[in-house]
Amino acid sequence: MMKRKRANLPAEAIDELTAFVKGRELNPYATPHEKEQLARKCDITQDQVANWLTNYRKRRWNPPDWIEISVAAARVPAHLA
């Protein structure tokens, strides 16, 4: 069984997606409507947009410390706080 060759996204799509996340550095999450718009604008699928955004957040996004603290605090059950 042969492996399928991985296709890279077009450079224009990467530029557009990068501009999107750079404009929202504190919250690089797209709504379903924004994903649909980005997919149409970049001429890629919504799944490709979602995967690219997920990979960006995992590999490159460095949230400010206060975001990590507030997320951790939000996870503490009220009866333990």
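Taken together, the side chains of Arg6, Lys22, Lys58, Arg59 and Arg60 present a region of like positive charge at the surface. You can see arginine 60 is positioned in the loop between helix H3 (46-59) and helix H4 (65-75).

Next up on the list: the packing of aromatic side chains. For the structure shown, the criterion picks out two aromatic pairs. Ring plane angle 90 degrees and centroid distance 6.1 Å describe the contact between tyrosine 29 and tryptophan 61, whose orientation is recorded as edge-to-face. With a gap of 32 residues between them, tyrosine 29 in the loop between helix H1 (11-22) and helix H2 (32-42) and tryptophan 61 in the loop between H3 and H4 connect regions that are remote in the sequence. Classification of tyrosine 29 by relative accessible area gives partly exposed; the value is 42%. Residue classification places tryptophan 61 among the buried positions, given a relative accessible area of 12%. Between tryptophan 52 and tyrosine 56, the ring centres sit 5.6 Å apart and the planes meet at 15 degrees, which makes this aromatic pair stacked. Here tryptophan 52 and its partner tyrosine 56 are both found in helix H3, four residues apart, which amounts to about one turn of the helix. A single burial state applies to tryptophan 52 and to tyrosine 56, both of which are buried.

Compared with the 16 Å implied by 1.5 Å per residue over twelve residues, the 16 Å span of H1 between its first and last C-alpha is a close match. Residues of H1 that are buried: Ala13, Leu17, Phe20 and Val21. Down the axis of H1, the buried side of the element spans an arc of 90 degrees, and every buried residue falls inside it. Across H1 from its buried face, at more than 90 degrees, point the exposed residues Glu12, Asp15 and Lys22. At its buried positions, H1 is contacted by H2 and H3.

What counts as what
Residues numbered from 1 in each chain as written. Predicted model: local features only at pLDDT ≥ 70, side-chain atom pairs only at ≥ 80, totals over all residues. Heavy atoms only, no water. Patch = residues over 30% accessible without salt bridge, like charges linked within 9 Å, V, L, I, M, F, W, Y side chains within 5 Å. Areas by Shrake-Rupley, 256 points an atom, 1.4 Å probe, with all protein chains shown as cover. Salt bridge = Lys/Arg side-chain N within 4 Å of Asp/Glu carboxyl O. Lys, Arg positive; Asp, Glu negative; His and termini not counted. Charge placed at Lys NZ, Arg CZ, Asp CG, Glu CD. Helix = DSSP H or I, 4+ residues; strand = E, 2+ residues; numbered from the N terminus. Phe/Tyr/Trp six-rings, centres within 6.5 Å; stacked < 30°, edge-to-face > 60°. Buried < 20%, exposed > 50% of the residue type's maximum accessible area, 1.4 Å probe, protein only. Expected span 1.5 Å × (residues − 1). Arc of directions from axis to C-beta. Contact = heavy atoms within 4.5 Å.

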